[in-house]
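Observations on the three-dimensional arrangement
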Amino acid sequence: FPVTIRWYERIIGSGSTNYLVNESSLELKTTTASGDTTLRRTKRNMPYQPGKRQLIMQSFCGAPLNIGLIQEVGIFNDENGIILRANGNTIEFVVRSSTSGSVVENAVSQNNWNISPFPSLSFDRTNIFITDLEWLGVGRVRCGFVIDGEIQWCHEFNHANEGTSVYMTTATLPLSYRIHNATSQGGSNTLKQICCSAMSEGGYDPIGPIYVAGRGVNNFVRN
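Computed from a predicted model, the values in this text were never measured in an experiment.

What follows concerns the overall build of the protein chain. A tally of regular secondary structure across the protein chain gives 1 helix and 16 strands. Of all 223 residues assigned to the protein chain, the portion counted as buried reaches 43%. Considering only residue pairs separated by 6 or more positions, the protein chain has 62% of its internal contacts joining residues 24 or more positions apart. Accessible surface, the protein chain as shown: approximately 11,400 Å² in total, 50% of it carbon and sulfur.

What follows covers the sheet that holds strand β12 (residues 150-157). Pairing within the open sheet is antiparallel, and its 7 strands lie in the order β2-β3-β14-β5-β10-β11-β12. Edge strands, defined here as strands with exactly one partner in the open sheet, are β2 (16-20) and β12. Within this sheet the neighbouring strands show an average axis-to-axis angle of 25 degrees, counted without direction. Where strand β5 (residues 54-61) meets strand β14 (residues 189-200), 8 bridges bridge the pair, whose relative direction is antiparallel. Counted as the bridge partner of Ile56 is Ala198 from β14.

A few words now on the confidence of the model for the protein chain. Confidence along the protein chain averages 91 in pLDDT terms, with 88% of residues attaining 70 or more. With pLDDT under 50 throughout, residues 219-223 is counted as low confidence; its partners more than four residues away or in other chains account for 13 contacts.

Glancing now at the pairing of strand β6 (residues 69-76). On any regular strand, side chains alternate: one points to one face of the sheet, the next to the other face. Judged by how many residues are buried, β6 sits mostly within the fold: 8 of 8 residues are covered. Alternating positions in β6 separate into two faces, Leu69, Gln71, Val73 and Ile75 on one and Ile70, Glu72, Gly74 and Phe76 on the other, with burial throughout. In terms of strand pairing, β6 meets strand β13 (residues 175-181) through 7 bridges, oriented antiparallel. Note on β13: the bridge partner recorded for Gln71 is Ile179.

A few words now on the pattern of salt bridges. Evaluated as defined, the whole model comprises 16 salt bridges. With a shortest N-O distance of 3.4 Å, Arg41 and Asp78 are connected by a salt bridge. One end of the pair, Arg41, is in strand β4 (residues 37-42); the other, Asp78, is in the loop between β6 and β7 (81-87), with 37 residues separating them in the sequence. With a shortest N-O distance of 2.7 Å, Arg53 and Asp132 are connected by a salt bridge. Highlighted residues: Arg53 in the loop between β4 and β5 and Asp132 in strand β10 (residues 126-133), separated in sequence by 79 residues. The two residues Arg53 and Asp132 agree in class, both being buried.

In total, this model carries 0 disulfides according to the counting rule given. In this structure Cys143 is not part of a disulfide, and its nearest cysteine sulfur, from Cys154, lies 8.7 Å away. Overall, the relative accessible area of 0% leaves Cys143 in the buried class. With no disulfide of its own, Cys196 has Cys195 as its nearest cysteine by sulfur position, at a separation of 6.0 Å. Since its relative accessible area comes to 24%, Cys196 is described here as partly exposed.

Rules behind the numbers
- Residues numbered from 1 in each chain as written.
- Predicted model: local features only at pLDDT ≥ 70, side-chain atom pairs only at ≥ 80, totals over all residues.
- Heavy atoms only, no water.
- Helix = DSSP H or I, 4+ residues; strand = E, 2+ residues; numbered from the N terminus.
- Buried < 20%, exposed > 50% of the residue type's maximum accessible area, 1.4 Å probe, protein only.
- Contact = heavy atoms within 4.5 Å.
- Areas by Shrake-Rupley, 256 points an atom, 1.4 Å probe, with all protein chains shown as cover.
- Pairing = 2+ DSSP bridges.
- Axes fitted to C-alpha atoms, helices over the stretch in contact; angles between N-to-C directions.
- pLDDT = per-residue confidence, 0-100.
- Salt bridge = Lys/Arg side-chain N within 4 Å of Asp/Glu carboxyl O.
- Disulfide = S-S within 2.5 Å.

See the structure below:
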């Protein structure tokens, strides 16, 4: 499994990863120790093009909810992003922003989702998290799940005509999976990373200069 080509790992304490050949999945694991962290993140930032919505889908299977256990799936880095988080026994959608110069999070718990609270959600079963983000500095962000082939939107963050600055610094961000022991745990925990996709709705039109590489006087290859 080519983890060094497209993904990097950040492991703290006794965290670890394990590739499941028969499941085409990868386990992010922590032990019982407080502070254990396992993070997997794409080396590439997913390019965002103004005027086109970014559609992200990430499948996973979480660990059972537990006090002091943090599990995160989404398009995010340490400063900005859109996150599905199991924070102890609470499931929440998060917009992380560093527009103020420090990291601030707008976290909305499941019982406060403004489209559907999705009461039957089981975080420790296989799920597809979906987020549909419009940046333009002040665009809308929707979060939900794909259930039986249909999108079930659960919450939207609206930013136009609301604030006085952009809602996050950039929408060009990496896909990430993270599990963290904020406190000691009674046993080991595992978050399974399965599959993910980042799409530009309406297509993606590369912009910028076109470069050529010379291969002799009469032969050129366009990049």
